[in-house]
Amino acid sequence: MITLNHEPIVKADMLIRKPVEEVFEAFVNPAITAKFWFTKSSGRLEKGAHIRWDWEMYGVSDNVFVKEFEQNKRIVIEWSDHTLTEWQFIRRADREAFVTITNSGFTGDGDEVVNQAIDGMGGYMIVLCGLKALLEHGIILKLVSDKAPDANVQR
């Protein structure tokens, strides 16, 4: 068993060569987000919103609560397991946004926490890569569904 001295905080970031407003909208507008992350959402992200996200290909869903929301700058959500995810959007140039995603609040023994952190970091990197391909090149890569094809319930 792993003994942790500090709680891990996952960080994934990516430069997206599109205006920060367009990149931010891609995360709050489920019609766009469904092209690179989940398949269905009960609504847009906005402060105080309780939203359900579905990954229909895996037969799973989760409920998130939008704790903080700063237009074109920052979003903080709390998942049903009480972990937190924060997006920060930094304008680098007129047509560049640097997105940083952090994930924290993992629970369990040391091994479980490490596994959750590793899974979270890999997942958020996949999400950012899918977003980059979509916004910069108009390509829907289906990275999330292709990550675990044997777990796909729609096969």
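Residues numbered from 1 in each chain as written. Predicted model: local features only at pLDDT ≥ 70, side-chain atom pairs only at ≥ 80, totals over all residues. Heavy atoms only, no water.

Caption draft 1: The overall build of the protein chain, seen in detail. Secondary structure assignment for the protein chain yields four helices and seven strands. For 155 residues, the compact-globule estimate of 2.2 N^0.38 gives 15 Å, and the C-alpha radius of gyration of the protein chain, at 15 Å, lies within 12% of that figure. Expressed as lengths along the three principal axes of its C-alpha atoms, the size of the protein chain is roughly 50 × 40 × 25 Å. Per-residue burial for the protein chain yields a buried fraction of 43% across its 155 residues. Considering only intrachain contacts with a sequence separation of at least 6, the fraction spanning at least 24 residues in the protein chain is 49%. Seen as two clouds, the 18 positive and the 23 negative side-chain charges of the protein chain have centres 7 Å apart. (Helix = DSSP H or I, 4+ residues; strand = E, 2+ residues; numbered from the N terminus. Rg over C-alpha atoms; globule rule 2.2 N^0.38 Å. Buried < 20%, exposed > 50% of the residue type's maximum accessible area, 1.4 Å probe, protein only. Contact = heavy atoms within 4.5 Å. Lys, Arg positive; Asp, Glu negative; His and termini not counted. Charge placed at Lys NZ, Arg CZ, Asp CG, Glu CD.)

Caption draft 2: Main features of the packing of aromatic side chains. Across all of its chains, the model carries 16 aromatic pairs by this definition. On the numbers, 6.1 Å between centres and 65° between planes, the contact of W37 with W87 is edge-to-face. A residue pair is termed long-range when its members are at least 10 positions apart, and W37 in the loop between α2 (30-33) and β2 (40-41) and W87 in strand β6 (residues 84-93) qualify at 50 residues. With a centroid separation of 6.2 Å and 85° between ring planes, the pair formed by F38 and W55 is classed as edge-to-face. Pair noted here: F38 is in the loop between α2 and β2 and W55 is in strand β3 (residues 50-55), with a separation of 17 residues, a long-range link. Comparing F38 with W55, the two get one shared label, buried. Ring-pair connections join several aromatic residues into one group, and the members of that group are F24, F27, F36, W37, F38, W53, W55, F69, W79, W87, F89 and Y124. (Phe/Tyr/Trp six-rings, centres within 6.5 Å; stacked < 30°, edge-to-face > 60°.)

Caption draft 3: Molecular detail of the layout of surface pockets. In this structure, the largest pocket occupies an estimated 690 Å³ of space. Considering the residues around the largest pocket, the lining is formed by 22 residues, among which W37, W79, D119, G120 and G123 are closest to the centre. Of the residues forming the lining of the largest pocket, the biggest block, seven residues, is contributed by helix α3 (residues 110-137). Its residues placed into classes, the lining of the largest pocket shows eleven nonpolar, seven polar and four charged. For the second largest pocket, the calculated volume is near 210 Å³. (1 Å grid on protein atoms, 1.4 Å probe; cavity = no way out; pocket = protein on both sides within 12 Å on 5 of 7 lines; lining within 4 Å. Points joined across faces, edges and corners; volume = space filled by probe spheres on them. Nonpolar A, V, L, I, M, F, W, Y, C, P; charged D, E, K, R; others polar.)

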